[in-house]
Amino acid sequence: MTGRITGQVLIAGDPAVRNIVGISAQQQPLDDGMGGTVLERIIVGEAESGLDGNYTLDTGDFLDEVIVVVLEDYGTEWLQNEELVVGQRIRPTQPNQNGYIYEVTVAGNAGVSEPTWIVPTPSTDTMNVGAATVRGLPLYWSLGHAPLVPEDLGGGGPVTDPNFASVQTLIPFTGLNEATDSPRFGSQASLLDPAIFNGAVEISNGQTLFGQNMAFLPGGAGDYIGSLRPSFGGSATFNFTSTFTAEMFFYPTAANFNNSFQMLMSCSYSGSNPNGIDGWALQIQNAGGFQRLRIIGRNGSTTVLGPTVGGTDLDVNTMYHVAVTHNGGNWRVWLNGLLEIDIVQTSNVRSFTDRRFLIGAEGQLSENGSSPNNFSGYVGQWRHSDILRYTDPFPIPSDVFPTSGP
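Residues numbered from 1 in each chain as written. Predicted model: local features only at pLDDT ≥ 70, side-chain atom pairs only at ≥ 80, totals over all residues. Heavy atoms only, no water.

Undergrad: Would you explain the overall build of the protein in this entry?
TA: Each helix and strand counted, the protein has zero helices and 33 strands in total. Looking at the 406 residues of the protein, the share that counts as buried comes to 48%. When contacts within the protein are restricted to residue pairs at least 6 apart in sequence, long-range pairs at least 24 apart make up 66% of them. For the protein, the accessible surface area stands at approximately 17,900 Å², while carbon and sulfur atoms represent 51% of it. (Helix = DSSP H or I, 4+ residues; strand = E, 2+ residues; numbered from the N terminus. Buried < 20%, exposed > 50% of the residue type's maximum accessible area, 1.4 Å probe, protein only. Contact = heavy atoms within 4.5 Å. Areas by Shrake-Rupley, 256 points an atom, 1.4 Å probe, with all protein chains shown as cover.)

In structure tokens form, the structure reads like this:
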């Protein structure tokens, strides 16, 4: 991508979460399918503002004037006997009846007769709609701002990764709030299971990275990214035992620990093993009241890698970049571009074609996917490459990872 527009959505002076669309200010020539052209305005990008109202709209290689439209959620018209759910927005059947829309706070049937819609006041801001309860919200109109010219990030074309051919999987964990999937890139992306978000994991605007939403893992026993069988990383074509770099951003939100650690990522045999991890894992260890990175590797019941704990204390509600590199038996963990752990395995870490790779949980799960050591927080920009990307200290990535090569 090269074009980018940033801004903030404010409603009555307060930051607001809204969907945003970028439309070309001028009509663009498009193929009409009959050998000619037709002039039409086009959508050049979509985004969603965060809880702080800030948004980043990527326009790709479109650098001309843009109309940025902030979309208001007008809900759906009241419908007889509809089963209303919490968070749903509805509106009167008569347009512009009183300048308010209504959000469901208590679920229930909408009833057989449309109610008389109240004008909310501080003392009366809720009403019954059939068996449901709703609260009134001021109705705002969708608003366009133009013309805005995207910032040219340089490069004369989309930003690319010269080593993209080495990328096995790249999952940015971006998308609209409450989405339960993310785009996937890389040579092995098509081998991933259709659903890799488990439990209550979802894309959330509660924390952003480079202006994009992140995946939120609440930390429950079944909340993780990956799958059981076959696994995310479970095909023999996913290489986590020879040369590789596995990296992502993480943002811990809780320091609650079971068995003294939370799991960031793990690659482990998927069968039953009383020894727990049978492969390798990167964890957040509760070491004497301090939270630090820890790496461990096993082959069956034999520990062949570490466990080794880093020296940097981690804080909650703080963004970190972490990378694990392996080459020739040498394992390194990099935190924010600096070498945190450097260790050599005593023999090979176990490798299986049916191993799991999971984010936020240990690969050695019970068959129902439960684990007491799951990570609580946000993750973003996961990338697995079959090369050694980092050998010396490096700058923390300052933008989303490119999704194509030159």
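Undergrad: How should empty space enclosed by the protein be read in this particular structure?
TA: Per the counting criterion, the structure on display carries two cavities of 30 Å³ or more. Approximately 60 Å³ is the volume found for the largest cavity. Class assignment of the residues belonging to the lining of the largest cavity gives a composition of seven nonpolar, two polar and one charged. Space inside the second largest cavity adds up to approximately 30 Å³. Looking at the second largest cavity, the residues that line it are Pro172, Thr174, Leu209, Phe210, Gln212, Asn213, Met214, Gly380, Gln381 and Val400. The element contributing the most residues to the lining of the second largest cavity is strand 22 (residues 212-217), with three residues. Here the residues of the lining of the second largest cavity are counted per class, giving five nonpolar, five polar and no charged. (1 Å grid on protein atoms, 1.4 Å probe; cavity = no way out; pocket = protein on both sides within 12 Å on 5 of 7 lines; lining within 4 Å. Points joined across faces, edges and corners; volume = space filled by probe spheres on them. Nonpolar A, V, L, I, M, F, W, Y, C, P; charged D, E, K, R; others polar.)

Undergrad: Whenever I open this one, the nonpolar core confuses me. Can you help?
TA: Nonpolar side chains in soluble globular proteins generally cluster together in the buried interior. In terms of nonpolar packing, the biggest core is built from 39 residues, with Phe173, Ile225, Phe250, Met265, Trp280 and Val379 touching the most fellow members. If one sorts the elements of this core by residue count, strand 24 (residues 244-252) sits on top with four residues. One finds Ile5, Val44, Val68 and Leu148 within the second-largest nonpolar core, a separate group that totals 13 residues. (Core = buried A, V, L, I, M, F, W, Y, C linked by side-chain atoms within 4.5 Å.)

Undergrad: Would you mind going over unusual backbone geometry with me for this structure?
TA: Only a minority of non-glycine residues have a phi that is not negative, and only a minority of peptide bonds are not trans. With an omega dihedral of -10°, the bond running from alanine 146 to proline 147 counts as a cis peptide bond. Here proline 147 is to be found in strand 17 (residues 143-148). A positive phi angle, near 55°, is found at asparagine 317, a position not held by glycine. With respect to the element layout, asparagine 317 can be found in the loop between strand 28 (302-309) and strand 29 (320-327).

Undergrad: What is the right way to read the sheet that holds strand 8 (residues 54-60) from this model?
TA: One open sheet holds the three strands; their spatial order is 8-1-18, and the pairing between them is antiparallel. With one partner strand each, in any of the chains shown, strand 8 and strand 18 (151-152) form the two edges of the open sheet. (Pairing = 2+ DSSP bridges.)

Undergrad: I tried to follow the pairing of strand 21 (residues 202-209) on my own but got confused; where do I start?
TA: Here is the key point about a regular strand: its side chains alternate between the two faces of the sheet. Taken together, the five bridges between strand 21 and strand 22 define a ladder with antiparallel strand orientation. When the sheet's bridge partners are listed, leucine 209 is paired in strand 22 with glutamine 212. In sequence, strand 21 turns back onto strand 22 through a hairpin of two residues, with phenylalanine 210 there showing a positive phi of about 55°.

Undergrad: What am I meant to see in the packing of aromatic side chains here?
TA: For any pair of aromatic rings, the description rests on two quantities: the centre-to-centre distance and the angle between the ring planes. Counted under the stated rule, the structure contains 13 aromatic pairs. Aromatic side chains tyrosine 74 and tryptophan 141 sit 6.0 Å apart centroid to centroid with 55° between the ring planes, which places their arrangement in the tilted category. You can see tyrosine 74 sitting in the loop between strand 9 (66-71) and strand 10 (76-77) and its partner tryptophan 141 sitting in the loop between strand 16 (132-138) and strand 17, a full 67 residues away along the chain. By relative accessible area, tyrosine 74 is classed as partly exposed at 25%. Note that arginine 383 overlies the ring of phenylalanine 401, its terminal NZ or CZ placed 3.8 Å from the centroid. (Phe/Tyr/Trp six-rings, centres within 6.5 Å; stacked < 30°, edge-to-face > 60°. Lys NZ or Arg CZ within 6 Å of the ring centre and 35° of its normal.)

Undergrad: I would appreciate a short explanation of the side chain of threonine 169 in the present structure.
TA: Assignment of secondary structure puts threonine 169 in strand 19 (residues 167-171). Separated by 3.2 Å, the side chains of threonine 169 and tryptophan 382 make a polar contact. (Polar contact = N/O pair within 3.5 Å; in protein donor to acceptor, adjacent residues only side chain to side chain.)

Undergrad: What should I look at first to understand the sheet that holds strand 17 in this one?
TA: Within a sheet, each strand pairs with its neighbour through backbone hydrogen bonds, oriented either parallel or antiparallel. Taken in spatial order, the four strands line up as 7-4-9-17 in an open sheet, and their pairing is antiparallel. A single partner strand is all that each edge strand has here, and the edge strands are strand 7 (43-48) and strand 17. In this sheet, neighbouring strand axes are inclined to one another by 20° on average, regardless of whether the strands run parallel or antiparallel. Here strand 4 (residues 19-24) pairs with strand 7 via five bridges, running antiparallel. Across the sheet, glycine 22 pairs through a bridge with glycine 45, a residue of strand 7. (Axes fitted to C-alpha atoms, helices over the stretch in contact; angles between N-to-C directions.)

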